[in-house]
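Chains, contacts and geometry: an overview
Here are the chains, one letter per residue:
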2 protein chains.
Amino acid sequence: MAALSPGVLGALDPTSDRAVFRQIADQIREAIDKGRFTEGAKLPSEAELVEHYGVSRMTVRNSLSILQTEGLVVSEHGKGVFVRPRPPVRRLASDRFARRHREQGKSAFLVEAEAAGSKSEVDSLEVGEERPSQDISARLGSPRRVLARRRRYLLDGRPVEFATSYLPLDLARNTPIAQPNPGPGGIYARLEELGHRLDHFDEEIKARMPTPQEVRTLRLSSGVPVIHLVRTAYDTEGRAVEVCDTVMAADAYVLAYRLPAT
Amino acid sequence: MAALSPGVLGALDPTSDRAVFRQIADQIREAIDKGRFTEGAKLPSEAELVEHYGVSRMTVRNSLSILQTEGLVVSEHGKGVFVRPRPPVRRLASDRFARRHREQGKSAFLVEAEAAGSKSEVDSLEVGEERPSQDISARLGSPRRVLARRRRYLLDGRPVEFATSYLPLDLARNTPIAQPNPGPGGIYARLEELGHRLDHFDEEIKARMPTPQEVRTLRLSSGVPVIHLVRTAYDTEGRAVEVCDTVMAADAYVLAYRLPAT
DNA sequence: GAGTGGTCTAGACCACTTG
DNA sequence: AAGTGGTCTAGACCACTCA
């Protein structure tokens, strides 16, 4: 066991009211913030911290678990605890559904990924008819059954987003939209070909901690929230023609919107 | 110590590979999801869980800490562990900075809160000149010094948002904008009176876990992320006239945006 | 004062990774 | 085989809340 390089981590203040495990977490956090442990670097092992601070192992683990839930570090079984690397971020611009992009034929996700020099994939694509949840149903004008299209997006091999599109059956049944691959420009291009000229999209954004299922699907490390985005597409007659429910790894995204001052 | 009502929580599966503390967390999570513990309800005490499952206290505490970081429960010292109550949610619409709202004279925050039947306050208002961070400076066209306006918003007594506005000094110095209370319609109304007619706003949204400082300022319970929103206001000449950096308690907000399909 | 969660100890054994 | 984190035990004492 290597000795801890001196000076990186200080000593405890026995006169402080602050719990020992919080003091240890504070010191490690500060060392990370000040760049003494850089992104991806390995922290001292639990055993080293036990020796350095003269506390029990559970106390050290408690400190590290704080930093994990803050999203500062990740632990890897058998290897160590590391400063969490920041993945490349995908920027979603508010013009990402503009018609001019659709007309170029490629899906928005793939085009943007290529522009950023990333390799992107789409997997676990499922298409089928089902009964919508109350929320989805209400947004679509209360259809009894809908077409659901589920898919997961990966960026350089890492899952970053899981999305489900819902469309009223009378719109989508027996159309290319019901096919796994709907063709160039995606389902929005097909909707317009079918006579549903799109007028606008409404997006609702929340952030929260992931469910255990979402942790698995997106392979999220602890301390990473999700962005939950629900988009409703309206045609020029004011009808809701699609609802897209999207869950994104929050550390992989920044969403951008432009608002008129009018 | 009251006995645990039978049937609410099951037994452990000793043949399972899943760690005991995860199994316990799974069972409590499922009970919450199925409504057997409703919002605000008290969970069985740690001692009751120890007895029910026949495990040590640390194992039970480990289970509960999982549910805490998931944002499902909150613990209160000396009282118990409770299903986390969902606070009222503030909806931010994408037309919230429309000129017609400004012209009514009240701040957007107060108007919306009143409409929702909530009591709102603004506190810890600080106004002063300072040197901007690199990021803020770049967004504002690299001024050396800026006017900073910090304030915290509360809804029914609960802090929900902390925001700082930055304006180039040459715009704001010796104007009502440099006053703690800038007058009816807020700083955007003042900017327009000063000849900076607003054209549009760009907003960037991220979500992440809060820093310890943000936990204190917003009194966040564990398992609640923050939404970090940075808005830049542009005048009709294309100049960035303000940057507003906002940190929101994610469980108190849903953001809504409308995108044109054009 | 009884019940609750918060902190901490000193061990034990296991599973995973690396040389 | 050595080092790492993952799980679990059986205690102890403390601080807070409520009757």
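Residues numbered from 1 in each chain as written. Chains lettered and ligands numbered in written order. Predicted model: local features only at pLDDT ≥ 70, side-chain atom pairs only at ≥ 80, totals over all residues. Heavy atoms only, no water.

You'll find chain A entered in an unreviewed UniProt entry as GntR family transcriptional regulator, with Streptomyces carminius given as the organism.

Focus: the nonpolar core
Counting residues in each nonpolar core, the largest one holds 80 residues, and the members touching the most others are I205, Y253 and L255 of chain A together with I205, Y253 and L255 of chain B. Not counting chain neighbours up to four residues away, the residues in contact with I205 of chain B comprise I205, Y253, V254, L255 and Y257 of chain A together with I227, H228, L229, L255 and Y257 of chain B. Formed by 21 residues, the second largest nonpolar core is a distinct cluster that contains A25, L49, Y53 and V73 of chain B. (Core = buried A, V, L, I, M, F, W, Y, C linked by side-chain atoms within 4.5 Å. Buried < 20%, exposed > 50% of the residue type's maximum accessible area, 1.4 Å probe, protein only. Contact = heavy atoms within 4.5 Å.)

Digging into the side chain of E46 of chain A
Residues and elements named next belong to chain A. With respect to the secondary-structure elements, E46 resides in helix 2 (residues 46-53). Owing to a relative accessible area of 18%, E46 belongs among the buried residues under this scheme. A distance of 2.7 Å separates a polar atom in the side chain of E46 from a polar atom in the side chain of R57. Leaving out residues up to four positions away in the same chain, E46 has contacts with R57, V60, R61 and L64. (Helix = DSSP H or I, 4+ residues; strand = E, 2+ residues; numbered from the N terminus. Polar contact = N/O pair within 3.5 Å; in protein donor to acceptor, adjacent residues only side chain to side chain.)

What to know about the UniProt feature "domain: HTH gntR-type" (unreviewed entry) in chain A
Summarizing the sequence annotation, UniProt attributes the feature "domain: HTH gntR-type" (unreviewed entry) to residues 18-86 of chain A in the numbering used throughout. The span residues 18-86 of chain A is 51% helix and 12% strand, and its two end C-alpha atoms sit 30 Å from each other. (UniProt positions renumbered as here; feature names shortened; annotations may be inferred.)

Side note on the protein's contact with DNA strand C
Around DNA strand C, the surrounding shell holds 25 residues, and the nearest of these are V20, S56, T59 and H77 of chain A together with R57 of chain B. Taking all atoms of DNA strand C within 4 Å of the protein, the share assigned to sugar and phosphate is 68%. Considering only residue class, the surface near DNA strand C consists of eight nonpolar, nine polar and eight charged. (Near = heavy atom within 4 Å. Nonpolar A, V, L, I, M, F, W, Y, C, P; charged D, E, K, R; others polar.)

Concerning the side chain of E161 of chain A
Relative to the assigned elements, E161 of chain A resides in strand 6 (residues 158-168). When neighbours within four sequence positions are excluded, E161 of chain A is seen to be in contact with R90, F109, R151, R152, Y153, L218, T246, V247, M248 and Y253 of chain A.

A look at the interface of chain B and chain A
Contact residues are listed per partner, giving 39 residues for chain B and 39 residues for chain A. Taken as a group, Y257, L259 and A261 of chain B account for 21% of the area that chain B buries against chain A, more than any other trio of residues on that side. At the boundary of chain B with chain A, the tally comes to four salt bridges. A salt bridge links R91 of chain A to E204 of chain B; the nearest nitrogen and oxygen atoms lie 2.7 Å apart. Among the secondary structure elements, those contributing two or more residues to the side of chain B that touches chain A are helix 3 (57-69), helix 4 (99-102), strand 7 (198-208) and strand 10 (253-260) of chain B. (Buried area = accessible area lost by both parts, 1.4 Å probe. Salt bridge = Lys/Arg side-chain N within 4 Å of Asp/Glu carboxyl O.)

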